[in-house]
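Analysis of the macromolecular model
Listed here are the chains, written in short residue letters.
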Amino acid sequence: MDANKGKADQATPNPGGQMGKSVVLPFMESMLPKAVKRRVHALKRLQEQCAHIEAKFYEEVHELERKYATLYQPLFDKRREIVAGAVEPTDEECEWPIDEDEEDELAEEVKEKVTIEDAKKEEATPEEDPKGIPDFWLTIFKSVDMLSDMVQEHDEPILKHLRDIQVKFSEPGQPMSFTLEFHFEPNGYFNNAVLTKVYKMKSEPEASDPFSFEGPEIIDCEGCQIDWHKGKDVTVKVIKKKQKHKGRGTVRTVTKQVPNDSFFNFFNPVKASPDGEMDEDSELNLTTDFEIGHFFRERIISRAVLYFTGEALEDDESFEEEELEEGDEEEQDEEGDEDDEEGEADSKA
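The chain carries the name Nucleosome assembly protein 1-like 4a in an unreviewed UniProt entry, which gives Fundulus heteroclitus as its organism. Under the heading Sequence similarities (unreviewed entry), UniProt records this for the chain: "Belongs to the nucleosome assembly protein (NAP) family." Per UniProt, the chain has the following entry under Subcellular location (unreviewed entry): "Nucleus".

The following block contains the structure:
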């Protein structure tokens, strides 16, 4: 497996690996005078020392994350209680400023339509008073492309029982890692109250290639055993196959279990090979797993309500659109330059 898989700025997966400049540098060095080359080697030693200092910097960043996680946790606990309906927020806690400019921009006919539809909903279910915020996490999973691709229809009834997702950082003195915890209410599918996924990290330069260091990298992950109720395991499906006896001609039906697509395969990940040798599909699956784990840690857990409402999705889409527009402008500029050159050539002719 590529040593750069899962590398990150502050643990952001970097499946692309290092830039290709290292291939060019040896050739450039070979062209230098011996005395200059000697000084370049001295600079490389300094650069290696910088990499080791940078590694210490990221270790302290990890400690800061762990420290501030304890400050965030009471807020996340309150979020969990509100979502589950265990606590009803006060009127003061529910106050939120409304953007008057956005309200004014909303056309009158749209306002009327919304009012009519709301009235119909209230008439249809006049006594409905849902507990907490129903399907909070399931809605997030289905809204985010990276997660919705994993969620199958048979996963949805189970994910309705998901109460909270938390991240825990490794303690001081322990190997760097973080653990995702998926907390479920009692349900008819499995006995586990919490499903876990541990992501192991490394924050030190490779002795063989210290200049490739760009920060902590996820090097492996470990899931957990799900204690499924009988017949409820959605990660497998039972298929029936008829077999005919060659001699007697009798037919029998046999059943066997085969893997089934499911979000819960997330807790049974591909293992990183100790010798680094993995086939292309396994390596791709592992890289994707690292990216998903990082996304849960950095985005979903900390900004859950904004993914529920769709506001975080709009931010992500706006960022992608801006990048696309910039790319389009560059292409148009290049085309314009080519047209100008052709025009100049025609005028000269």
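**Structural notes on the overall build of the chain**
Within the chain, the regular secondary structure consists of 10 helices and 6 strands. Residues counted as buried form 29% of the 349 residues belonging to the chain. A separation of at least 24 residues holds for 63% of the contacts in the chain among residues at least 6 apart in sequence. Carbon together with sulfur atoms contributes 50% to the accessible area of the chain, which is approximately 24,000 Å² in total.

**Points about unusual backbone geometry**
Positive phi values are uncommon outside glycine, yet Asp 135 reaches one of about 55 degrees. Position of Asp 135 among the secondary structure elements: in the loop between α4 (108-124) and α5 (136-143). By relative accessible area, Asp 135 is classed as partly exposed at 30%.

**Considerations on the environment of Leu 138**
Topologically, Leu 138 is positioned in helix α5. On the accessibility criterion, Leu 138 (4% relative accessible area) is buried. Along the primary structure Leu 138 and Leu 162 are separated by 24 residues, whereas in three dimensions their C-alpha atoms are 7.8 Å apart. Beyond its immediate stretch of four places on either side in the chain, Leu 138 contacts Glu 156, Leu 159 and Lys 160.

Definitions and limits used
- Residues numbered from 1 in each chain as written.
- Predicted model: local features only at pLDDT ≥ 70, side-chain atom pairs only at ≥ 80, totals over all residues.
- Heavy atoms only, no water.
- UniProt positions renumbered as here; feature names shortened; annotations may be inferred.
- Helix = DSSP H or I, 4+ residues; strand = E, 2+ residues; numbered from the N terminus.
- Buried < 20%, exposed > 50% of the residue type's maximum accessible area, 1.4 Å probe, protein only.
- Contact = heavy atoms within 4.5 Å.
- Areas by Shrake-Rupley, 256 points an atom, 1.4 Å probe, with all protein chains shown as cover.

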